[in-house]
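This is what each chain is made of:
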Number of protein chains: 2
Amino acid sequence: MKKGQDVLIDSITKGLLEGNRRDLAKGITLIESSAAKHYQLGQELLKQISPHSGNSIRIGITGVPGAGKSTFIEAFGEILCSSGHKVAVLAIDPTSTITGGSILGDKTRMETLSRNPQAFVRPSPTAGTLGGVHRKTRETIALCEAAGYDVILIETVGVGQSEVIVRGMVDFFMLLAITGAGDELQGMKKGIIELADAIVVNKADGKNKSVAEKTKREFNQILHFLQPATKGWQTKAYTCSSLKNEGLVELWELISAFQQKMKESGVFQERRQTQSKEWLHSLIKDRLLTSFFSQENIKKQLPLFEKDVMNGEITASQAMEKLFYLFSDN
Amino acid sequence: MKKGQDVLIDSITKGLLEGNRRDLAKGITLIESSAAKHYQLGQELLKQISPHSGNSIRIGITGVPGAGKSTFIEAFGEILCSSGHKVAVLAIDPTSTITGGSILGDKTRMETLSRNPQAFVRPSPTAGTLGGVHRKTRETIALCEAAGYDVILIETVGVGQSEVIVRGMVDFFMLLAITGAGDELQGMKKGIIELADAIVVNKADGKNKSVAEKTKREFNQILHFLQPATKGWQTKAYTCSSLKNEGLVELWELISAFQQKMKESGVFQERRQTQSKEWLHSLIKDRLLTSFFSQENIKKQLPLFEKDVMNGEITASQAMEKLFYLFSDN
């Protein structure tokens, strides 16, 4: 590595550890960059700040579009900031990796919180595969922690695979729901409820309050039948109003109680260790799959073999053998 | 390939296509063998019989231990045989791949059905990884179909990952349940209900009958909130008694109606094509992972890197890079 780059990384590291937002943003940009030299610098930075990361509670928040995630995060984040916390808001947006657009992470959606000096709101990385976005988000968490953010909120849309990814990187996972549980659940990808440490029925205000209470009870009924997402913790449903700032302080108390209980039982540390190990395995898997599927002749031949297998012209085993012959030939 | 082996495969193929059980068993043994030359012969056999496979309804059956799966399959299989069907019973046993033992597939558990000339009961392959067992079962299905079995029952224990694998190889997936839904569900791995095309509450006889009806209603309540496993099909709960032979004919009528409806809508064929494609991808993935994780220096170094990552001594990305350096060095 060149001398100038060492100096650059040292300077970013220093600024970042002092909580300088511009250095944090620079660091994240390096990590998100698809240029090889930026990536290398980003990895070097990560290595340096690594001993200072980990001191936070990582909270995942999901919910179908319309559940009021942005408004909730603004209100919840403001409360945390005003009681002395430093809050980082990140997002994993599975739609952005498909469409190139983004339905999350739009900075302007959280205008008030974005301007709060105690908060750091980062739009979701839009480039690359879900696996790539996954890596970038995990590494961004580490940078934010090193910069002194002690509450990390990771937002995602309730549409499927990304919930499992977010569950794999957070301590506490929350499902934001709204009234009309039946319809709500219909639109929700399977199994998401079972990842949650709390279901929070949002918009429990005005005329909607009693309906929200009813929805809460319905969720509690279903939860009764499901295994808890975290060993030693009973997932329950709650209500809140982001608009009226109701139920948010109680929610933070719940998360704090969760954190304390899970640290005492060791489940907290255990989960983080398991997450790190699984993270290593997922990086290995991604790298192996990428090296195979990004090879030119595989890219060209795979769709033809798929078609033949789907039409029953050759067996899947035969197709696999032939593809590996092409792969190793390269 | 040697002349003698060609003759062997031709002879097995011929016998198998005529429905000879000994040739079918020989074919499966080749497929299950871990010896490379047997595997090659098995693949050759598969290629030959491939045009004759596919003509069956593939039914997956899961349920917690104690749900009465063997008794159910015996009773259900007997009814199908007596109405002219040829029934093959296979099993995927996730426990056997871990412990080397087997809690399923014990031939003696289905004594009556095993002796029925219209039925073929095969114990689960116990050797190898879950991925390997997966391959063997898929290929055994093809052999059974080519041998004229038009109903394939694939049994698995309701403990997790194997349900997803079985769902990926069957047309119709059934969850066998018993009364006491709360406890039943507690013991069940998450998300299995949502894979099912029918939930069948077994042991609905004698004093247990009214409780079973109640359990059925409870399941229907939960199902109301979940997405159906198959497009255009509403999953519902039913009761049956394997002991009294009650509800089994109705269940077969349900499966037949499912098959007809799904063939008319094209969902049946579509799912089979998707399954074939996913099967190819899963073979590729297995091969890639095996080639990595079975390499000697990776096997030796991986646990050390895992430990370092878990203790936060190096980042997961660093560990991954170092492992790939070791891998490509070999």
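For the structure given in this document, a descriptive report is provided here. Everything quoted here is computed from the prediction, not taken from an experiment.

Along the backbone of chain A there are 14 helices and seven strands. For chain A, buried positions account for 54% of its 330 residues. Counted over contacts in chain A with a minimum sequence separation of 6, partners at least 24 positions apart contribute 77%. For chain A, the accessible surface area stands at approximately 14,400 Å², while carbon and sulfur atoms represent 53% of it.

This brings us to the sheet that holds strand 2 (residues 87-92) of chain A. All names here are of chain A. Taken together, the seven strands give an open sheet; going across it, the order is 3-2-4-1-5-6-7, and neighbouring strands pair in parallel fashion. Strands at the two margins of the open sheet, each flanked by one partner only, are strand 3 (119-121) and strand 7 (236-239). Each strand of the sheet is rotated relative to its neighbour by a mean of 25°, with strand direction disregarded. Pairing analysis gives four bridges linking strand 6 (residues 198-201) to strand 7, with the strands arranged parallel. Each residue of the ladder has a partner; that of valine 201, found in strand 7, is threonine 239. Sheet strands touched by helix 4 (residues 69-82): strand 1 (57-63), strand 2, strand 3, strand 4 (151-157) and strand 5 (172-177). Its angle to strand 4, the strand with the most contacts, is close to 175°.

Mapping chain B onto chain A calls for a rotation angle of 180° and an axial translation of 0.1 Å; the resulting RMSD is 0.1 Å. In symmetry terms, the pair is related by a two-fold rotation axis. Scanning chain B for the C-alpha nearest the rotation axis identifies glycine 191 of chain B, at a separation of 2.8 Å.

Now for the pattern of salt bridges. Oppositely charged side chains can pair when the atoms bearing their charge come close. Within this structure, the stated rule accounts for 27 salt bridges over all chains. For glutamate 246 of chain A, the salt bridge goes to lysine 209 of chain A, with nearest N and O atoms at 3.7 Å. Placement of glutamate 246 of chain A in the loop between strand 7 and helix 11 (248-265) and of lysine 209 of chain A in helix 10 (residues 209-223) is noted, with a sequence separation of 37 residues between them. For glutamate 32 of chain B, the salt bridge goes to arginine 122 of chain B, with nearest N and O atoms at 3.3 Å. Taken together, the residues glutamate 32 of chain B in helix 2 (residues 21-32) and arginine 122 of chain B in the loop between strand 3 (119-121) and helix 7 (130-146) connect sequence positions 90 residues apart. For arginine 122 of chain B, a relative accessible area of 16% translates into the label buried.

Pairs of packed helices are described in terms of their axes, by the angle between the two and the distance that separates them. All names here are of chain B. Direction vectors running N to C along helix 11 (residues 248-265) and helix 12 (residues 267-293) enclose 80°, while the axes themselves pass 5 Å from each other. Between helix 11 and helix 12, the crossing angle belongs to the class labelled roughly perpendicular. Two secondary-structure elements touch here, helix 11 through Phe258, Gln259, Met262, Lys263 and Ser265 and helix 12 through Val267, Phe268, Gln269 and Arg271. When its residues are assigned to classes, the contact of helix 11 with helix 12 shows four nonpolar, three polar and two charged.

With that settled, the discussion passes to unusual backbone geometry. Not every positive phi belongs to a glycine, and asparagine 245 of chain A is a case in point at roughly 60°. For asparagine 245 of chain A, the location among the structural elements is in the loop between strand 7 and helix 11. Classification of asparagine 245 of chain A as partly exposed rests on a relative accessible area of 45%. Backbone geometry at lysine 203 of chain B places phi at a positive 65°, although glycine is not the residue there. Look at lysine 203 of chain B and you get partly exposed, because its relative accessible area is 36%.

All names here are of chain A. Applying the stated criterion across every chain, the model contains nine cavities of 30 Å³ or more. Of the voids in this model, the second largest cavity is the one considered here, and its volume is about 60 Å³. Together, Ile193, Glu194, Ala196, Leu223, Leu226, Gln227, Pro228, Gln234 and Thr235 line the second largest cavity.

Where interface size is given, it is often the accessible area lost as the parts come together that is meant. With 51 residues of chain B at the contact, the number on the chain A side is 51 residues. Where chain B abuts chain A, roughly 4,900 Å² becomes buried across the two surfaces, and 64% of that area is made up of carbon and sulfur atoms. Linking chain B to chain A there are two salt bridges. If you list the elements that add at least two residues to the side of chain B that touches chain A, you get helix 3 (36-49), helix 9 (181-186), helix 12, helix 13 (296-310) and helix 14 (316-329) of chain B. Of the residues forming the side of chain B that touches chain A, the biggest block, 14 residues, is contributed by helix 12 of chain B.

Thresholds, definitions, all that
Residues numbered from 1 in each chain as written. Chains lettered and ligands numbered in written order. Predicted model: local features only at pLDDT ≥ 70, side-chain atom pairs only at ≥ 80, totals over all residues. Heavy atoms only, no water. Helix = DSSP H or I, 4+ residues; strand = E, 2+ residues; numbered from the N terminus. Buried < 20%, exposed > 50% of the residue type's maximum accessible area, 1.4 Å probe, protein only. Contact = heavy atoms within 4.5 Å. Areas by Shrake-Rupley, 256 points an atom, 1.4 Å probe, with all protein chains shown as cover. Pairing = 2+ DSSP bridges. Axes fitted to C-alpha atoms, helices over the stretch in contact; angles between N-to-C directions. Least-squares fit on C-alpha atoms with pLDDT ≥ 70 in both. Salt bridge = Lys/Arg side-chain N within 4 Å of Asp/Glu carboxyl O. Parallel < 35°, antiparallel > 145°, perpendicular 65-115°, else oblique. Nonpolar A, V, L, I, M, F, W, Y, C, P; charged D, E, K, R; others polar. 1 Å grid on protein atoms, 1.4 Å probe; cavity = no way out; pocket = protein on both sides within 12 Å on 5 of 7 lines; lining within 4 Å. Points joined across faces, edges and corners; volume = space filled by probe spheres on them. Buried area = accessible area lost by both parts, 1.4 Å probe.

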